[in-house]
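# Structural characterization, general
Spelled out from the first residue to the last, the chains are:
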Amino acid sequence: MEVLDVAIIGGGPAGLTAGIYASRSGLKILMFEKGISGGAANTAPWVENYPGFEAIEGMKLMDMIGAQARKYVEVKAGESIESLANDGNEFIIKTSKGEYRARAIIYATGSVHRRLGVPGEGSLLGRGVSYCATCDGFFFREKKVAIVGGGNNAATEAIYLKKLGIDVTIIHRRDALRAEESLQNTIASMGINVIYDSVVEEIFGEKKLEKLKLKNVKTSDISEIEFDGVFISIGDIPQIELAKELGVGINDDGYIDVDRTQRSSIPMVYAAGDVTGGFRQIITACSEGAIAANSAHEDLAKPYWI
Amino acid sequence: MDEELEEIRRKRMEELMMSAEWPDGPQEVTDQNFEEFVSKYNVVLIDCWASWCAPCIRLGPIIDELAGDFKGKVAIGKLNIDENRDVPMKFGIMSIPTMLFFVDNQHVDTAVGALPKANIEQTLNSLL
Ligand SMILES: Cc1cc2nc3c(=O)[nH]c(=O)nc-3n(C[C@H](O)[C@H](O)[C@H](O)COP(=O)(O)OP(=O)(O)OC[C@H]3O[C@@H](n4cnc5c(N)ncnc54)[C@H](O)[C@@H]3O)c2cc1C
């Protein structure tokens, strides 16, 4: 069996950029993406902080990065990595479709949406509960929705929904939004309501979502407010299961532990992007992907630990 | 006795004809042909999607594969919710991708999200 220099797990911004750099440096690589390439950034309504583009839809930007990567890398889309092992020489990679061997691994597995974990969230999924404004905003035009969260993604999604003609209320557990100031200004100027210091305790609805039960964390007051939908944007959970299989070090926050060169605790294993925590953006994911590929290239040529 | 044989022969013919005209890959379903499609086959899966929905596009290749794997057993249709408003409204769809499952023209199950192939296979097998 042909042995790859590097197997890249995940085809989001981090993986795609790692692919471009690794391949251009002459390494033999394959990229595995369990869904479609582009990752979480595919669901960004628009991106206004990726240099070179004043404003671009997330899916469009990722299509462009994906097309560029495919010039160099074969992307195995729809092929998820199921298990990883090390036989002392190489990594053995079992995917949903076959088996491969590689001398180095780059984890770029990103993260999945964090759930609120309140009653009604699961049972009303798809009937008012959503984690993707660009997917489902369409169904709530001229209706009333809540966005739970206070970061950049929540703010961008709130603005996106408001522009669709939806009555939007942000529900945030702190007394100020975390989103960057330019987004906060837009929120204020568009007249998007914000309910501060409040958490969702329960989601009610018979056939579809009808109302939310909120608790004010300062006063402990309980209130019930009618909504047609709720979009949950409270951050993400890194995808570290595969990394654990190899025994890669995980930090206290639950992300893969890497140094500034994206090397993990295990030789020939690197990680990049959201799965490593820190500032989780497209530009940083790309940057880390490039660095990870460069480190892999260096180590394949001249292992630092020998 | 003869009648019974005749009945069996007729059934076989029907089955043969069905498999001969079984569609290749998922079929485009619209508000207009929805009822006809769902009533024509015993077990039907309708994938409701839109081009601007990343998880829908992620589910696409899985739906294509399932249409091949279950050919002759489950008829699979794709309904673009951007172009067809009636069916999504009727089934109260508020999130995509949503998969609707039908048996003998009855709506029996709904699944929301880009689920792994194994989960969808499991549901389909349970309906066969
Ligand atoms: C709504 C929203 C709006 C956003 N807006 C912005 C913005 O305006 N600007 C900005 O800079 N950032 C934005 N972000 C953040 C940005 O999308 C992420 O930081 C970025 O996508 C992280 O890239 P990544 O490559 O690390 O991970 P991801 O994009 O999550 O990609 C990881 C990929 O790995 C794949 N994968 C996981 N496990 C496996 C496996 N076992 N086998 C094969 N494949 C696997 C996944 O399917 C996925 O495609 C936004 C995010 C969201 C959700």
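Turning to helix 4 (residues 152–163) of chain A, a few remarks are in order. The α-helix winds at 3.6 residues per turn, so residues separated by three or four positions along the chain end up facing the same way. Residue and element names in this part refer to chain A. In this model helix 4 runs 17 Å from its N-terminal to its C-terminal C-alpha over twelve residues, within 8% of the 16 Å that 1.5 Å per residue would give. For helix 4, a buried count of nine out of twelve residues is recorded, marking the element as mostly surrounded by other parts of the structure. For helix 4, the complete set of buried residues consists of Asn 152, Ala 154, Ala 155, Thr 156, Glu 157, Ala 158, Ile 159, Tyr 160 and Leu 161. In this fold, the buried residues of helix 4 make contact with helix 3 (133–136), strand 9 (144–148), strand 10 (167–171), helix 5 (181–190) and strand 15 (229–232).

A separate point is the environment of Gly137(A). Residue and element names in this part refer to chain A. Mapping Gly 137 onto the fold places it in the loop between helix 3 and strand 9. Exposure remark for Gly 137: the relative accessible area of 0% places this residue in the buried category. Taking the C-alpha atoms as reference points, Gly 137 and Met 31, separated by 106 residues in sequence, lie 32 Å from one another. If sequence neighbours within four positions are ignored, Gly 137 has contacts with Cys 132, Leu 161, Leu 164, Ile 166 and Phe 231.

So, on to the pairing of strand 13 (residues 209–216) of chain A. Residue and element names in this part refer to chain A. The pairing of strand 12 (residues 198–205) with strand 13 spans seven bridges and is antiparallel. By the bridge assignment, Ser 198 is partnered in strand 13 with Asn 216. Here strand 13 folds back onto strand 14 (residues 222–226) in antiparallel fashion, the turn holding five residues, of which Ser 220 has a positive phi close to 65°.

A covalent bond between the sulfur atoms of two cysteines is referred to as a disulfide. Summed over all chains, the structure comprises two disulfides over all chains. Between the sulfur atoms of Cys132(A) and its disulfide partner Cys135(A) the distance amounts to 2.3 Å. As the torsion about the S-S bond is roughly 70°, the Cys132(A)-Cys135(A) disulfide counts as right-handed. Residue Cys53(B) pairs covalently with Cys56(B) via a disulfide, S to S 2.2 Å. Because the torsion about its S-S bond is 85°, the bridge between Cys53(B) and Cys56(B) counts as right-handed. Here Cys53(B) and Cys56(B) have matching classes, each one buried. Left without a disulfide partner, Cys286(A) is nearest to the cysteine sulfur of Cys132(A), which lies 20 Å away.

Calculation notes
Residues numbered from 1 in each chain as written. Chains lettered and ligands numbered in written order. Predicted model: local features only at pLDDT ≥ 70, side-chain atom pairs only at ≥ 80, totals over all residues. Heavy atoms only, no water. Helix = DSSP H or I, 4+ residues; strand = E, 2+ residues; numbered from the N terminus. Expected span 1.5 Å × (residues − 1). Buried < 20%, exposed > 50% of the residue type's maximum accessible area, 1.4 Å probe, protein only. Contact = heavy atoms within 4.5 Å. Pairing = 2+ DSSP bridges. Disulfide = S-S within 2.5 Å.

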